[in-house]
Structures are given as structure tokens and as C-alpha cells.
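What follows is the residue order along each chain.
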Amino acid sequence: MSDQNIVAITGRLGRDPELKNLASGSSVVDVSVAVQDGWGDKESTAWIGVTFWGKAAEAISNHGHKGMKLWVSGRLSQETWETDGKKNTKTKVTASQWGFCEPKKNGASSNGPPSNQPPASQASDEIPF
């Protein structure tokens, strides 16, 4: 069996997304997503770095805001750099699919582009029966 690199998270945006346009013409957004685990005094929050590219980056920068709940699936990737002779690495998620988990205030869906819409069972915390 070959290795797989698939990750899925649900959490809240830690800050408003900021779109960056690269010299190559690509659009990119880097955000941190707060993912909570556990309960009571055992609850903890992990901050996961997520990168969006292209039209997904444009959509999340136009419609996302700090505190908004979203789901993301994609692959893990690593950045490596050197500072003062010391190697540093950061593991993050490169998004391939995503969507918002909460409706707009006027009741309309606030999900990203239609190709990123989750199945109805993933779009809500409600049990369908």
C-alpha cells in the first residue's frame, strides 16, 4: 500500500484572511485555524496553519473573517528555512477543498465556490434525523 497524505479539519479562523498576489500571478492566503479538542479542564486548542491558492484564496479573503467556522481538507506540507544558522520547519495544510460551516446573517449560504460545497451531512452540526 502506498503512503497517503490526506488531512481534514474543522475550526475557526484566527484572523481575517489577507489575500497576497504573487509576481507569478497566483493568489495565496495563509491563515491559522483554531481546532479545539477535549472537554472541560482537558480542552485544548491547536493552531493549524492553512494555505489557500487561486480562486479559493480569493473566495476566502472576500467572504471569511476572524472567528468564522470552516472545514478544510487537503494535504500536509512542510516549509523549511534557516535563521541564524538554525534550521526551522513548519507543517501546515495546503487546502484542496473547503467550505464555511455557518450561514450568512441574511440566511443565505456563505460557502465558497460551488465546487467546494460539502455534502449536506458535513455542512452542519445538526443530526439529519
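What counts as what
- Residues numbered from 1 in each chain as written.
- Predicted model: local features only at pLDDT ≥ 70, side-chain atom pairs only at ≥ 80, totals over all residues.
- Heavy atoms only, no water.
- Helix = DSSP H or I, 4+ residues; strand = E, 2+ residues; numbered from the N terminus.
- Buried < 20%, exposed > 50% of the residue type's maximum accessible area, 1.4 Å probe, protein only.
- Contact = heavy atoms within 4.5 Å.
- Areas by Shrake-Rupley, 256 points an atom, 1.4 Å probe, with all protein chains shown as cover.
- Salt bridge = Lys/Arg side-chain N within 4 Å of Asp/Glu carboxyl O.
- pLDDT = per-residue confidence, 0-100.
- Phe/Tyr/Trp six-rings, centres within 6.5 Å; stacked < 30°, edge-to-face > 60°.
- Pairing = 2+ DSSP bridges.

### Section: the overall build of the chain
Next, step 1: Within the chain, the secondary structure is distributed over 1 helix and 6 strands.
Next, step 2: If you list the helices and strands of the chain from N to C, you get β-β-β-β-α-β-β.
Next, step 3: For the chain, the residues scored as buried account for 33% of the 129 residues in total.
Next, step 4: In the chain, the share of contacts with a sequence separation of at least 24, taken over all contacts with a separation of at least 6, comes to 49%.
Next, step 5: When the accessible surface of the chain is totalled, it reaches about 8900 Å², and 49% of it is carbon and sulfur.

### Quick notes on unusual backbone geometry
Next, step 1: Positive phi values are uncommon outside glycine, yet Asp84 reaches one of about 50 degrees.
Next, step 2: Its place among the elements puts Asp84 in the loop between strand E5 (69–83) and strand E6 (86–100).

### Section: the pattern of salt bridges
Next, step 1: In this structure the tally under the stated criterion is 3 salt bridges.
Next, step 2: The shortest N-O distance in the salt bridge between Lys92 and Glu79 comes to 2.6 Å. Pair noted here: Lys92 is in strand E6 and Glu79 is in strand E5, with a separation of 13 residues, a long-range link.
Next, step 3: Three or more residues joined by partner-sharing salt bridges are found here, namely Asp30, Glu79 and Lys92.

### Focus on the confidence of the model for the chain
Next, step 1: Overall, the predicted model of the chain reaches an average pLDDT of 84, with 80% of residues at or above 70.
Next, step 2: In this model residues 107–129 is a low-confidence stretch, pLDDT under 50, and it forms 28 contacts with partners more than four residues away in sequence or in other chains.

### Digging into the packing of aromatic side chains
Aromatic ring pairs are described here by two measures, namely the spacing of the ring centres and the angle between the planes.
Next, step 1: Scanning all chains against the criterion turns up 2 aromatic pairs.
Next, step 2: Aromatic side chains Phe52 and Trp98 sit 5.7 Å apart centroid to centroid with 75 degrees between the ring planes, which places their arrangement in the edge-to-face category. With a gap of 46 residues between them, Phe52 in strand E4 (residues 44–53) and Trp98 in strand E6 connect regions that are remote in the sequence. Both residues of the pair, Phe52 and Trp98, count as buried.
Next, step 3: Here Trp98 and Phe100 contribute two aromatic rings whose centre-to-centre distance is 5.1 Å and whose plane-to-plane angle is 85 degrees, an arrangement assigned as edge-to-face. Accessibility assignment for this pair places Trp98 and Phe100 in one class, buried.
Next, step 4: Within the aromatic cluster, the residues linked to one another by ring pairs are Phe52, Trp98 and Phe100.

### Brief notes about helix H1 (residues 54–63)
Next, step 1: Restricting attention to buried positions, one finds in H1 the residues Ala56, Ala57, Ala59, Ile60 and Ser61.
Next, step 2: The inward-facing, buried residues of H1 abut strand E3 (27–37), E4, E5 and E6.

### Comments concerning the pairing of strand E1 (residues 7–13)
Sheet faces and side chains relate simply in a regular strand, where the side chains alternate between the two faces.
Next, step 1: Pairing between E1 and E5: 6 bridges, direction antiparallel. Bridge pairing links Thr10 to Trp71 in E5.
Next, step 2: In the sheet, E1 pairs with E3 via 2 bridges, with the strands oriented antiparallel. Paired with Leu13 across the strands is Val33, a residue of E3.

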